[in-house]
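# Close look at the chain arrangement
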Amino acid sequence: MSDSQPIRVRIAPSPTGDPHVGTAYMALLNLIFARQRGGRFVLRIEDTDRARFVASSEQMIFDALRWLGLEWDEGPDKGGPFGPYRQSERTPLYLEAVAKLLASRNAYRCFCTPERLEEMRKQQAAAKLPPRYNRACRGLDPAEAEQRQAAGEACTIRLAVPVEGSTTFRDELRDAITFDHNNVDDQVLLKSDGFPTYHLANVVDDHLMGISDVIRAEEWISSTPKHVLLYHAFGWQPPRFWHMPLLRNSDKSKISKRKNPVSLIYYRQAGYMPAAMVNFLGLLGGGMPQGEDAASEKFSLDEMFARFQFEQIRLGGPVFDLEKLRWLNGLYLRALAPAEFLHAVREGVFSDEYLGRIAPLVQERIETLGQFLDLTDFFFLDQVLPPDSVFLPKKRTLEETLAVAADLLTALEASAWEHAPLEAALRALAAAKQWSAKEVFMLLRALITGKTASPPLLESLEVLGRARTLDRLRRFLDHYKGAAAPPAKAKATS
RNA sequence: GGCGCCAUCGUCUAGCGGUUAGGACGUCGCCCUCUCAAGGCGAAGAUCGUGGGUUCAAAUCCCACUGGCGCUACCA
């Protein structure tokens, strides 16, 4: 990493679902870094996981980041000199890299099946050994292994981690971090489906794209030695590493959708202002002058470009405090000129687009226009929390209803957000729980509308949207958590 | 379990060897006010995780412990 190298940073989200608030946080930090040092900010899509790939996700990532005003300089949608910026379009590059690694004996073919690996892990767990690949295939004769592969036998390519010694790298915020090689696993670099894993693709792309500074979340620290080993194996200069604190739930665990809204779509639809969100993210982890040095905790992206200091970042993971976000959002809303506020209400709550989707759902069942909001209020409410007199089916206990509601959430999370799959998911759930479809539909209706009578459920779900629907279910479950649960267990054994 | 990272009010944070440990959110009270917010004022809230050092002096430096978190996949 020579000092003369131009500053280039990147974010590398994977399109596996709704755009995540953590992605926005990393985008913000990378953007600031680039702007402060005259560098370029790259957006790269890491779509190497076929199993978790969600087709609509990429566009949602673009939209969400643009909504926040976190614009990138190079990316899949706007090109740049180091494309393509979508990993699925770069497979020849990874194959080439793997060939080099194989030739230099820094990697080897592994024919162990997933089942066998699973079995091995079980045994290791039973013997209280750390779960680690036992390197069964590492001693295979390379020529022989190549033949087996050529003959069609499925295999992965693994990194041959040196048996002895250790790897030390510098984290710009923490100084030297050392990992002993016997704590580093022979990581799979190329999956049997021919796609690279994160580790390989990431290193190859960061190098090829001239990334000077890798600014990513702290969860990557433990795999950094693998990355450094790869850079060395390729004979490349590693970038600088800056590991950022992880956003947390209020119980301090890594932020997750079960305990916190994490979808940027949700925040947009729930009426948060992009500037408030960016401001809030900028407040987390330090970086901006606070306390006596700061005129206010309210600041813009431009002010962050001017005043943010990476050296000031606090390493403790900040709790994503919705209360404070809401307060900040209120500040921004109140600061709007009346005309701007009206515009925000129109666009954010009563847009033609949104009303246009809602109106058809009630036209058949309306007698006066004055009833419009009576029939559709749940589309506009921030929260819906019905009492059990509304959601509890006759002949069902609270306990089993809550259990079904929990399964409802799981089923909806896994479903595509369209009429047919949603209906199928609900009917399948009813069958599995031995509830009538009517009961399941009614329960869900109550939970998202707060009423027992509403416009058609499936259509309403589509219009309300995935993010807000799931949030309502989570809030409901959270609210009733413990209400019907068996007496708290003494303490979870771990 | 192993490895790694981290550790100041409930939460976000200031602090960089000598401070009455400061600010913000939240909470509470008062003022304003037809209500509710907003706004103003004020209060409670942190023996700086614990124990050892170093130093005239430690929240600040060092060590140990404890706790939290992360990783431990053919996910990223």
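Provided above is the structure to which this section pertains.
The text that follows walks through the structure, step by step, so that each part is easy to find. Being a predicted model, the structure only gives us computed values, none of them experimental.

## Let's talk about unusual backbone geometry
- Cis rather than trans, the peptide bond between G83 and P84 has omega equal to -5°.
- Of note, the phi angle at K128 is positive, near 60°, even though the residue is not glycine.
- Considering the arrangement of structural elements, one finds K128 in the loop between α4 (114-126) and α5 (142-150).
- In this structure K128 comes out as exposed when scored by relative accessible area, which is 77%.
- Non-glycine residue K252 carries a positive phi angle of around 80°.
- With respect to the element layout, K252 can be found in the loop between β9 (240-244) and α8 (264-269).

## A closer look at the pairing of strand β4 (residues 156-159)
- A two-sided burial pattern is seen for β4, the buried positions comprising T156 and R158 on one face and I157 and L159 on the other.
- With 4 bridges connecting them, strand β3 (residues 107-110) and β4 associate as antiparallel partners. Bridged to C110 within β4 is T156.
- Note: β4 against strand β7 (residues 188-190), 2 bridges, orientation antiparallel. Bridge pairing in β7 links I157 to L190.

## Regarding the pairing of strand β1 (residues 8-11)
- Neither face of β1 is exposed, since R8 and R10 on one face and V9 and I11 on the opposite face are all buried.
- In this fold, β1 hands off to helix α1 (residues 21-36), which returns the chain to strand β2 (residues 40-43); that crossover is right-handed.

## Overview of the nonpolar core
- With 56 residues, the main nonpolar core has V21, L70, M244, L281, F310 and F320 as its most contacted residues.
- Ranked by the residues each element gives to this core, the list is headed by α1, at 11 residues.
- The contact partners of F320, leaving out residues within four places of it in the chain, are V21, L247, R248, I255, N260, Y267, M277, F280, L281, L284 and L325.
- Among the nonpolar cores identified, the runner-up in size contains 37 residues, and W435, V440, L477 and Y480 belong to it.

## Here we look at the sheet that holds β3
- With respect to topology, 3 strands assemble into an open sheet ordered β3-β4-β7, the strand pairing being antiparallel. Two strands bound the open sheet, and with one partner strand each, they are β3 and β7. This sheet shows a mean twist of 45° between the axes of neighbouring strands, independent of strand direction.

The rules behind each value
Residues numbered from 1 in each chain as written. Chains lettered and ligands numbered in written order. Predicted model: local features only at pLDDT ≥ 70, side-chain atom pairs only at ≥ 80, totals over all residues. Heavy atoms only, no water. Helix = DSSP H or I, 4+ residues; strand = E, 2+ residues; numbered from the N terminus. Buried < 20%, exposed > 50% of the residue type's maximum accessible area, 1.4 Å probe, protein only. Pairing = 2+ DSSP bridges. Right-handed = clockwise from strand over helix to strand, strands pointing away. Core = buried A, V, L, I, M, F, W, Y, C linked by side-chain atoms within 4.5 Å. Contact = heavy atoms within 4.5 Å. Axes fitted to C-alpha atoms, helices over the stretch in contact; angles between N-to-C directions.

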